[in-house]
Amino acid sequence: MPTFVQILDFVGTFAFAISGIRLASAKRFDWFGAYVVGFATAVGGGTLRDLLLDVTPGWMTDPIYLICTGLALIFVTMFGKHLIHLNNTFFFFDTIGLALFTVVGVGKSLSLGYPFWVAIIMGSMTGAAGGVIRDVFINEIPLIFRKEIYAVACVVGGLVYWVCALAQVDDYICQIACGIVVFLTRILAVKYKICLPTLSGHA
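Fair warning: this is a prediction, and the values are worked out from it, not measured in the lab.

Caption draft 1: Up close: the packing of aromatic side chains. The full count for this structure, using the stated rule, is 10 aromatic pairs. With a centroid separation of 6.1 Å and 70° between ring planes, the pair formed by Phe10 and Tyr65 is classed as edge-to-face. Linking Phe10 in helix α1 (residues 4-26) with Tyr65 in helix α3 (residues 64-84), this pair joins segments that are 55 residues apart in sequence. The exposure class assigned to Tyr65 is buried, which follows from its relative accessible area of 10%. Between Phe39 and Trp59, the ring centres sit 5.6 Å apart and the planes meet at 85°, which makes this aromatic pair edge-to-face. Of this pair, Phe39 sits in helix α2 (residues 31-52) while Trp59 sits in the loop between α2 and α3; the two residues are 20 residues apart in sequence, bridging distant segments of the chain.

Caption draft 2: Looking closely at the packing of helix α5 (residues 116-137) against helix α6 (residues 151-166). Running from N to C, α5 and α6 point in directions that differ by 140°, and their axes come no closer than 9 Å. In this structure, α5 meets α6 at a crossing whose hand is right-handed. Each of Phe116, Ile120, Ser124, Gly127 and Ala128 in α5 lies in contact with α6, whose residues at this interface are Ala151, Cys154, Val155, Gly158, Leu159, Tyr161, Trp162 and Ala165. Of the residues that constitute the contact of α5 with α6, the class distribution is 10 nonpolar, 3 polar and no charged.

Caption draft 3: Representation of the nonpolar core. In this structure, Phe16, Ile21, Leu98, Tyr150, Tyr161 and Val182 are the most contacted members of the largest nonpolar core, which totals 46 residues. For this core, the element with the highest residue contribution is helix α4 (residues 87-111), accounting for 10 residues. Contacts of Leu98, omitting those with residues within four sequence positions, involve Phe16, Gly127, Ala128, Tyr150, Cys154, Val182 and Arg186. One finds Leu53, Met122, Met125 and Ala129 within the second-largest nonpolar core, a separate group that totals 5 residues.

About the cut-offs
Residues numbered from 1 in each chain as written. Predicted model: local features only at pLDDT ≥ 70, side-chain atom pairs only at ≥ 80, totals over all residues. Heavy atoms only, no water. Phe/Tyr/Trp six-rings, centres within 6.5 Å; stacked < 30°, edge-to-face > 60°. Helix = DSSP H or I, 4+ residues; strand = E, 2+ residues; numbered from the N terminus. Buried < 20%, exposed > 50% of the residue type's maximum accessible area, 1.4 Å probe, protein only. Axes fitted to C-alpha atoms, helices over the stretch in contact; angles between N-to-C directions. Left-handed = near helix turned anticlockwise from the far one by under 90°. Contact = heavy atoms within 4.5 Å. Nonpolar A, V, L, I, M, F, W, Y, C, P; charged D, E, K, R; others polar. Core = buried A, V, L, I, M, F, W, Y, C linked by side-chain atoms within 4.5 Å.

In structure tokens:
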């Protein structure tokens, strides 16, 4: 039976793959190109995290990530017309992936014995880096570099995980609290147009 974190990882993979494939379809990519974008979105952050943590990336030992991306491609192909016309669809799936992957990144780092500050960075990287790769592939400015609250939501969720752990709360509660906080932080930031200040250029 898969563990709770593995289930989160699979669901996050599916959600992120859909977000990538959906944007690729809006850019008129072919099926192979859309699959590549979806796969890179789904595993990019986790791959970078695993390389830094000196472990083999999960997709190299388990084909479920390739399968999840394939299912996401089928899902978008079947319901593509509805997805493209729903402006909030990409945002919804991207936010789910962001929240779940942050939890997975923090949890995996802690299980390998790394301190919490490393775990928070790795959680943020797992959540946000795939989106950066996706946006580069489709020739957009990555969300993480815009005013929107994106990676900051991962950091806030990681801090909540840390506080829950300090309070000796059960791991499942820490993971659920982290995921909910990331999701709500992103949702509320967009809803109420909360953003970070931008640097003004000087001649």
